[in-house]
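The lines below spell out each chain.
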Amino acid sequence: MTIFSKIAAGEIPSYTCASSDKFYAFLDINPLVKGHTLVIPRREVDYIFDLDDDELAEMQVFAKRVAIAIKKAFPCVKVGQAVLGLEVPHAHIHLIPMQSERDMLFSNPKLSLSPEEFEEIAAKIRAEFK
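Residues numbered from 1 in each chain as written. Predicted model: local features only at pLDDT ≥ 70, side-chain atom pairs only at ≥ 80, totals over all residues. Heavy atoms only, no water.

**Student:** What should I look at first to understand the overall build of the chain in this one?
**Tutor:** Helix and strand counts for the chain stand at 3 helices and 5 strands. If you list the helices and strands of the chain from N to C, you get α-β-β-β-α-β-β-α. Expected size for 130 residues packed as a compact globule is a radius of gyration near 14 Å; at 14 Å, the chain falls within 12% of this value. With respect to the principal axes defined by its C-alpha atoms, the chain has extents near 35 × 30 × 30 Å. Relative to its 130 residues, the chain shows a buried fraction of 46%. Put simply, of all contacts in the chain between residues at least 6 apart along the chain, 56% involve residues at least 24 apart. Within the structure as shown, the chain displays about 7,100 Å² of accessible surface, and the carbon and sulfur contribution to it stands at 56%. (Helix = DSSP H or I, 4+ residues; strand = E, 2+ residues; numbered from the N terminus. Rg over C-alpha atoms; globule rule 2.2 N^0.38 Å. Buried < 20%, exposed > 50% of the residue type's maximum accessible area, 1.4 Å probe, protein only. Contact = heavy atoms within 4.5 Å. Areas by Shrake-Rupley, 256 points an atom, 1.4 Å probe, with all protein chains shown as cover.)

Shown next, in the form of structure tokens:
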């Protein structure tokens, strides 16, 4: 079981932004910017393109809804999407509020936030999620 599966199952605490029976969105604990969120399938799949077509399409629609909530909670030019997938063997999408393309550089220093700041960010996104 991957760390992301344990997070989605509630075995490891996380800062929940949105969830459904098939997908789970939570804050990245090493964020590039405030609002940096991960979207995962609850089903454990290593590679995003190993998802079947319907599941991949549903994941993108769910991620879109999360991105809309992020943009409302953290006004930005756009919410960028990145799929890397080498650091954790569980398919996931990074959603990152952007003021410029530089905000998507994973080599940028990560923010150091308190638990209270993480909870406040997650609460803002949850409040906007429809």
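Continuing now.
**Student:** Got a minute to help me understand empty space enclosed by the protein in this structure?
**Tutor:** Where empty space is left becomes clear once a probe the size of a water molecule has been rolled over the atoms. Under the counting rule described, the total for this entry stands at 1 cavity of 30 Å³ or more. Taken together, Leu27, Asp28, Pro31, Val33, Lys34, Gly35, His36, Leu113, Phe118 and Ile121 make up the lining of the largest cavity. (1 Å grid on protein atoms, 1.4 Å probe; cavity = no way out; pocket = protein on both sides within 12 Å on 5 of 7 lines; lining within 4 Å. Points joined across faces, edges and corners; volume = space filled by probe spheres on them.)

**Student:** I tried to follow helix 2 (residues 53-73) on my own but got confused; where do I start?
**Tutor:** With 21 residues, helix 2 should cover 30 Å at 1.5 Å per step; its first-to-last C-alpha distance of 30 Å lies within 8% of that length. Along helix 2, the residues classified as buried are Glu55, Leu56, Met59, Phe62, Ala63, Val66, Ala67, Ala69, Ile70 and Ala73. One face of helix 2 carries all of its buried residues, which in axial projection span an arc of 160°. In helix 2, the exposed positions that point more than 90 degrees away from the buried face belong to Asp53, Asp54, Val61 and Lys64. Where helix 2 is buried, its residues meet strand 1 (16-19), strand 2 (23-27), strand 3 (37-41), strand 4 (78-82), strand 5 (93-98) and helix 3 (115-128). N-cap assignment for helix 2: the residue whose side-chain oxygen lies 3.2 Å from the backbone N of Asp54 is Asp52. (Expected span 1.5 Å × (residues − 1). Arc of directions from axis to C-beta. Polar contact = N/O pair within 3.5 Å; in protein donor to acceptor, adjacent residues only side chain to side chain.)

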